[in-house]
Amino acid sequence: MIGRLNHVAIAVRDIAKATAIYRDTLGASVSQAVAQPDHGVTTVFITLPNTKIELLEPLGADSPIAKFLDRNPDGGIHHICYEVDDILAARERLKREGARVLGSGEPRIGAHGKPVLFLHPKDFSGTLVELEQA
Ligand code: CO
């Protein structure tokens, strides 16, 4: 069911510093930082030949990544995103298999303007999984 790895998201405290490491030390192609107030984060996308890295910095008082950064003060891998062809069909299959969909269970429009869902990390080997309809 799952397709390509769309991105790996890394939560950081200082997105300018993290972006400079990817751009200058690792020689990657990086985007401008974009505030995403609907999602409580500022994002930078790093385009690699086979996937993307999404840097996430908290934005606003109740950012969904604030607790993660409290537990991981140096930052860390926050989630991985797999592409699916049909997000509603994917959701129904996952629910049948007993996996938990986070939030309302309805797809939201994610940082790339496409419908996404998040799945409970306890059901996926301790990893927060995002599904994006490609
Ligand atoms: Co993501």
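This text follows the structure it describes.
This report concerns the structure included in the present document. This is a predicted model, so every value here is computed, not measured. (Residues numbered from 1 in each chain as written. Predicted model: local features only at pLDDT ≥ 70, side-chain atom pairs only at ≥ 80, totals over all residues. Heavy atoms only, no water.)

1. With respect to the overall build of the protein chain
Broken down by element type, the protein chain carries three helices and nine strands. Scanning the protein chain from its N terminus toward the C terminus, one meets helices and strands in the order β-α-β-β-β-β-α-β-α-β-β-β. What you see for the protein chain is a C-alpha radius of gyration of 15 Å, in line with the 14 Å of a compact globule of 134 residues. Counting only C-alpha atoms, the protein chain reaches 45 × 35 × 25 Å along its principal axes. A burial count over the protein chain gives 42% of its 134 residues as buried. (Helix = DSSP H or I, 4+ residues; strand = E, 2+ residues; numbered from the N terminus. Rg over C-alpha atoms; globule rule 2.2 N^0.38 Å. Buried < 20%, exposed > 50% of the residue type's maximum accessible area, 1.4 Å probe, protein only.)

2. Focus on the coordination of the cobalt ion
Around the cobalt ion, the protein supplies H7 (NE2), E54 (OE), H79 (NE2) and E130 (OE) as donor atoms, at distances of 2.1 to 2.5 Å. In this structure, the cobalt ion is surrounded by four donor atoms whose angles at the metal cover 86 to 175°, and the resulting shape is irregular. Mapped onto the polypeptide sequence, the residues donating to the cobalt ion form the spacing pattern H-x46-E-x24-H-x50-E. Taken as a pair, H7 in strand 1 (residues 5–11) and H79 in strand 6 (residues 76–84) lie far apart in primary sequence, 72 residues in all. Residues H7 and H79 agree in their burial class; the two are buried. (Donors = N, O, S within 2.8 Å, 3.2 Å for Na, K, Ca; no water. Tetrahedral: all angles 85-135°; square planar, octahedral: opposite > 155°, others 65-115°.)

3. A word on the environment of A11
Along the polypeptide, A11 turns up in strand 1. By relative accessible area, which is 0% here, A11 ends up buried. Those residues in contact with A11 that sit more than four places away from it in its chain are L56, I65, F68, L69, G75, G76 and H78. (Contact = heavy atoms within 4.5 Å.)

4. Points about the pairing of strand 4 (residues 41–47)
Most of strand 4 sits inside the fold, with six of its seven residues counted as buried. Pairing of strand 2 (residues 29–30) with strand 4 involves two bridges; the strand directions are antiparallel. Across the sheet, residue V30 finds its bridge partner in strand 4, namely I46. Relative to strand 4, strand 3 (residues 34–36) runs antiparallel, the two sharing three bridges. Bridge pairing in strand 4 links V34 to T43. The antiparallel hairpin formed by strand 3 and strand 4 contains four residues in its connecting segment, where G40 sits at a positive phi of about 70°. A loop of four residues connects strand 4 with strand 5 (residues 52–58), the two strands running antiparallel in sequence. (Pairing = 2+ DSSP bridges.)

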